[in-house]
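Given next are the chains, with one letter for each unit.
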Amino acid sequence: MRAVVQRVDGAKVVVAGETVGEIVGEGLCVLVGVTHDDTPEKAAQLARKLWSVRILEAEKSCSDVNAPLLVISQFTLYGDARKGRRPTWNAAAPGPVAEPLVGEVVAQLRGLGARVETGRFGADMRVSLTNHGPFTVIVEV
């Protein structure tokens, strides 16, 4: 699994004019990509990392300050644009594999005590956020 993690001062996801997920104030906006060999164990590992990584203000983690997370599935994180002019998506897991694993990341985070908002899997989403820093890291498990 691969995640692009941004420290934010608020973020939201809108689908067809409706806000489907939103966090207010300090937290993390997390784009999650799934590849073919990912497992529920990797989803749990990613959730633990997201909950405990110390990238918020004053080197705090979400678990330290009960900061919320906005988790959004994004298959394009496994796109490959090294050849030609059109990316390939061969490394991205298909929806029936990816959707439950992204759901497992969310469930594991909630099980750890996190406040989690989400996007809508497979939808045409509009994501807006205020990146605090800017601060963006890539996490792979």
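Remember, it's a predicted structure, so these values are computed and weren't measured experimentally. (Residues numbered from 1 in each chain as written. Predicted model: local features only at pLDDT ≥ 70, side-chain atom pairs only at ≥ 80, totals over all residues. Heavy atoms only, no water.)

Student: What am I meant to see in unusual backbone geometry here?
Tutor: Among all residues save glycine, negative phi is the norm, and among peptide bonds the norm is trans. That bond from Gly 133 to Pro 134 is cis: its omega, 0 degrees, falls within 30 degrees of zero. Looking at the secondary structure, you find Pro 134 in strand E5 (residues 125–140). The phi dihedral of Glu 59 falls on the positive side, at around 55 degrees, and the residue is not glycine. Looking at where Glu 59 falls in the secondary structure, it is placed in the loop between helix H1 (40–52) and helix H2 (62–65). Looking at Glu 59, the relative accessible area reads 60%, which means it is exposed. If you check the backbone angles, Asn 66 has positive phi at about 55 degrees while not being a glycine. Tracing the backbone through its elements, the reader meets Asn 66 in the loop between H2 and strand E3 (69–73). Taking relative accessible area as the criterion, Asn 66 reaches 38% and is therefore assigned partly exposed. (Helix = DSSP H or I, 4+ residues; strand = E, 2+ residues; numbered from the N terminus. Buried < 20%, exposed > 50% of the residue type's maximum accessible area, 1.4 Å probe, protein only.)

Student: Hey, could you run me through the state of the cysteines in this one?
Tutor: Two cysteines joined by a covalent bond between their sulfur atoms form a disulfide. Using the criterion set out here, one finds zero disulfides in the structure. The thiol of Cys 29 is not disulfide-bonded; the next cysteine sulfur, from Cys 62, is found 11 Å away. You can call Cys 62 buried: its relative accessible area is 0%. (Disulfide = S-S within 2.5 Å.)

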